[in-house]
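Remarks on the overall topology
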Amino acid sequence: MVPRHCPSLARRARDGFFIPSERQAKKVMGKYYVTTPIYYPSDKLHVGHAYTTTAADALARFHKLLGDEVYFLTGSDEHGQKIQRIAASKGIQPKEYVDRIVATFQDLWRRLDIQYDDFIRTTEPRHQRAVQAIFKRLLDQGDIYKSKYEGWYCEPCEAFWLERQLEDGKCPDCHRPVQWVEEESYFLRLSAYQDRLLQHIQAHPEFIQPESRRNEMIRFIEAGLNDLSVSRTTFDWGIPVPGDEKHVVYVWIDALSNYITALGYASADDHLYRKFWPADLHLVGKEIVRFHTIIWPIILMALGLPLPKQVFGHGWLLFDAEKMSKSRGNVVDPVALIEEFGPDPLRYFLLREVVFGQDGNFSREALIHRTNADLANDLGNLLYRSASMLERYRDGRVPAPGPASARDRELMGLVGEVKRETIACMERLEPHNALASIWRLIGRANKYIDEEAPWALQRQGQQERLDTVLYNLVEVLRNVAILVWPFIPRTGQAIWQRLGLPGEILQQGLAAVKWGLYPPGGAVTRGEPLFPRIEEKENQEKGEPYVTMDQAVFEKPAAAAGTAPGATATVPVAGAAPEGAAAPSPSAEPAPDGAPLPQITIDEFARLDLRLATIEEAEAIPKADKLLRLQVRMGPERRQIVAGIARHYRPEELVGRQIVVVANLKPARLRGVESQGMLLAASTPDGEQLAILGPDKPLPAGCKVK
Ligand code: MSP
């Protein structure tokens, strides 16, 4: 993959810096097809999802710089019982529901500068037709057969489990309760392909990576594969099975096929399929490696198609050492982070902080720290210092360099070294190491400024040496701009422009990462710092921005929960002020205790969704002596509520009690724990006595309070 030296290019490089990549010049471009999982629109996406897609985007961009013809696919996995249920609970059709959520996915990718080539939706006719063709072919040739299913089903994961696979009687993936299901179903004959699959995995060590996941999959297959249920009759939000329409294609055949249906497989126009398949890389989270390395290759084998070259299972982004997930109430909203910090700090953090392949922690403090240390201090300062000196000493014009010293030659050599390292790291799917390597160059250049002390050269009148030092700094920055572009594209392009270089970095290719291509005489502008420093202390108090789907997507802004005038003023509530909450507007400010409040209309009161809830679990929160964490049931829904009642109630005396909850209050974070509502209580003005409100006789949880 390392571009080899090409004499004609070196000549052209001396003549000007606008050169195509070496591969393009030699017409030996490779192709690179990279995919992300298609995301479930059961909710808005969180920063964990942004992690996979950002990594795929950086890889796609990197391969573009290498001169490869790149195809980058992402999309949405829109069928299944869960989606149907959520839509029904909102009183809308599933399609209307997924349309709204998928729009938020696409908006997120736009904000994060994700440059995908196609976004496949499993509800699109092009996908549905191809899935039906695939299903029919497998059925006709006997790889799919009809039988009866009995087994344990996990609805949230949409997965069937054998008795022996359950853990404590619960789903081994998500640890939620499973239900016994018996129904007629179509099955995919996984068992028939077990040996062939094992042979393939053994013969192609690169097929499943990292190594630990490969070993895990081998053990799983060796334990024996059971045929897989691939259709459902209990719901209809799916692709109908051809010729037997009471069945819909069950989620994995539908979902996995996206990687070829998006390319036009089984359609009249399959030129993309012929060009790009097999995929070079399916990038997936570790929990879905199994589907991608067992079910998917078997479907492909049965269809007689080549297998993807690699499935890479990356780790999870954790929050407080737990996987981010809606049910745990710890999902961080990437849109809010992008709005606050911009896309590049988030992209940089995701790609630099976590060892790709392993689990890693997300925290706001770590994001701010990385931004300040690496982006503002190291990279931002290198540009700012260099450009300032050019403006001060050379009117912003880049001088031609004089003879190179030993130190200059070391700096020049480092550019080539870092380029080689970066390519090697990206080939091994180690973006974190690629960035560490690039930052070695940035660090060296900052040190070079201190060592060369251009201000002293200016004072001493050493003009030729000053010219050389200033040129070298610009040349490092030009190379850095290209190298960082796949990871933080806006920053790369912004540096490029401030160096007075025309056009897009994309057109440069990695071949332009090479010493000496900056044309002397170019004009550099300093501009504002690329990354203003973020006050760490002030920000620590802010807390995380949480994904709050319902308010954003499903309610009219005027009626959004938590913004109703008087919402906090009319109801006596227990609980500390949410740490993450925005400052209330003056009209929503609670009046001093006991003071009368302005009248409200019945319509204003009706904006509060008050519900009866039953406390199912209660526990203390470590290091928060006023707070209790409650798990409450409201009809079919279970929620977590954090209440400031620990000084008045012991957790054990609360379990089983019925309370009144403000159900449409915007979720907030209290001492690091998400609260998805607020319970009502009355308290004396000094707060010494407090009583929780509840019904005077038991009623079903979820009943409306009005
Ligand atoms: N729809 C399936 C994928 C089908 S692919 C043919 C699915 N969707 S998902 O929306 O639940 O998850 C998509 C991806 O997001 C998975 O790779 C998953 O690992 C990833 N992540 C979800 N939460 C994550 C973190 N907290 N951290 C890192 N990745 C995470 O599964």
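Note: the structure precedes this text.
Structural notes, computed from the coordinates. The model shown is predicted, which means the values in this text are computed figures rather than measured ones. Once a new chain begins, its residue numbering starts again from 1 and follows that chain's sequence as written. Under the rules for a predicted model, residues below a pLDDT of 70 receive no local features and side-chain atom pairs below 80 are neither given nor counted, while totals for whole chains, interfaces and linings still include all residues. Water and hydrogen atoms were dropped before computing side-chain values, which therefore reflect all heavy atoms in the structure.

**Looking at the overall build of the protein**
Condition: Where helices and strands are cited, they refer to DSSP runs of H or I of at least four residues and of E of at least two residues respectively, numbered from the N terminus. Between two residues, a contact is recorded if the distance between any of their heavy atoms is within 4.5 Å. Only the protein chains shown count as cover for residues, and all accessible areas are computed by the Shrake-Rupley method using a 1.4 Å probe.
What the protein contains, in helices and strands, is 24 helices and 26 strands. Considering only residue pairs separated by 6 or more positions, the protein has 75% of its internal contacts joining residues 24 or more positions apart. With an accessible surface of roughly 30,200 Å², the protein has 51% of that area assigned to carbon and sulfur atoms.

**So, helix 4 (residues 81-89)**
Quick note on the threshold: Only protein chains enter the area calculation, which uses a 1.4 Å probe; residues under 20% of their type maximum are buried, those over 50% are exposed, and those in between are partly exposed.
Looking at helix 4, one finds that the buried residues are Gln81, Ile83, Ile86 and Ala87. Buried residues along helix 4 sit in contact with helix 5 (94-111) and strand 4 (144-154). Downstream of helix 4 by one or two residues, Gly91 has phi in the positive range, about 70°.

**Side note on the pattern of salt bridges**
Worth spelling out the cut-off: Basic side-chain nitrogens of Lys or Arg form a salt bridge, by our definition, when they fall within 4 Å of a carboxyl oxygen of Asp or Glu.
Evaluation of the coordinates by the stated rule reveals 49 salt bridges. Among the ionic pairs, Lys309 bridges to Asp280, the shortest N-O distance being 3.1 Å. Here Lys309 is found in the loop between helix 12 (289-303) and strand 13 (311-314), whereas its partner Asp280 is found in the loop between helix 11 (271-276) and strand 12 (281-285), with 29 residues between them in sequence. Residue Lys309 is classed as partly exposed on the basis of its relative accessible area of 40%. A residue is classified by how much of its surface remains accessible, and Asp280, at 13% relative accessible area, is buried. The shortest N-O distance in the salt bridge between Asp450 and Arg385 comes to 2.6 Å. In this pair, Asp450 is assigned in helix 17 (residues 431-452) and Arg385 in helix 15 (residues 364-394), connecting sequence segments 65 residues apart. A residue is classified by how much of its surface remains accessible, and Arg385, at 26% relative accessible area, is partly exposed. Through salt bridges with shared partners, a single network forms among Arg407, Asp408, Glu410, Arg444, Lys447, Glu451, Glu452 and Arg465.

**Considerations on the site of the ligand**
What counts, and what does not: Here, proximity means that at least one heavy atom of the residue falls within 4 Å of the molecule or strand. Counted as a polar contact is a pair of N or O atoms within 3.5 Å, where, for protein atoms, one must be capable of donating a hydrogen and the other of accepting one, and residues adjacent in sequence contribute only when both atoms are in side chains.
Neighbouring the ligand are 26 residues; Ile38, Asp77, Gly285, Glu287 and Leu317 lie closest to it. Contact distances for the ligand include 2.8 Å between a nitrogen atom and a backbone N or O atom of Ile38. Here a nitrogen atom of the ligand and a backbone polar atom of Gly48 are 3.3 Å apart. For the ligand, whose accessible area on its own is 660 Å², the fraction buried by protein is 95%.

**Side note on the environment of Pro37**
Residue placement: Pro37 occurs in strand 1 (residues 31-39). Apart from residues no more than four positions distant in its own chain, Pro37 is found in contact with Thr52, Thr74, Gly75, Tyr259, Leu283, Val284 and Ile288.

**Overview of unusual backbone geometry**
For the peptide bond that leads from Gln209 to Pro210, omega is -5°, which places it in the cis range. With respect to the element layout, Pro210 can be found in the loop between strand 7 (208-209) and helix 8 (211-222). Each neighbour pair has its own omega, and for Trp277 with Pro278 the value is 5°, a cis peptide bond. Relative to the helices and strands, Pro278 is located in the loop between helix 11 and strand 12. Even without being a glycine, Asp395 presents a positive backbone phi close to 55°. By secondary structure assignment, the location of Asp395 is in the loop between helix 15 and helix 16 (406-427). We classify Asp395 as exposed; its relative accessible area is 71%.

**Quick word on the sheet that holds strand 11 (residues 244-249)**
For clarity, the threshold we go by: Only strands that DSSP links by at least two bridges are regarded as paired with each other.
The antiparallel open sheet is built from three strands, whose spatial order is 9-11-10. With partners counted over all chains shown, the strands left at the sheet margins are strand 9 (231-232) and strand 10 (240-241), one partner each. Pairing of strand 10 with strand 11 involves two bridges; the strand directions are antiparallel. By the bridge assignment, Val241 is partnered in strand 11 with Asp244.

**Regarding the packing of helix 15 against helix 19 (residues 463-484)**
Helices that pack against each other are described as a pair by the angle of their axes relative to one another and the distance between those axes. Heads up, the rule is: What counts as an axis is a line fitted to C-alpha atoms, over the stretch in contact for a helix, and the angles between N-to-C directions run from 0 to 180 degrees. What makes a crossing left-handed is the near helix being turned counterclockwise from the far one by less than a right angle; a clockwise turn instead makes it right-handed. Residue polarity is assigned by list, with Asp, Glu, Lys and Arg as charged and Ala, Val, Leu, Ile, Met, Phe, Trp, Tyr, Cys and Pro as nonpolar; anything else, Gly included, falls into the polar class.
Put simply, helix 15 and helix 19 touch, their axes get as near as 10 Å, and they point 145° apart. Seen from above, helix 15 lies across helix 19 with left-handed handedness. Residue-level inspection shows Leu379, Leu382, Leu383, Ser386, Met389, Leu390, Tyr393 and Arg394 of helix 15 in contact with helix 19, the latter providing Gln463, Leu466, Asp467, Leu470, Leu473, Val474, Val476, Leu477 and Val480. Grouping the constituent residues of the contact of helix 15 with helix 19 by class yields 13 nonpolar, two polar and two charged.

**Description of the side chain of Gln640**
Mapped onto the elements of the fold, Gln640 is located in strand 19 (residues 637-643). According to the relative accessible area criterion, Gln640 is buried, its value standing at 7%. Among the polar contacts listed, one links the side chain of Gln640 to the side chain of Arg629, at a separation of 3.3 Å.

Geometric values such as these leave the question of function open.
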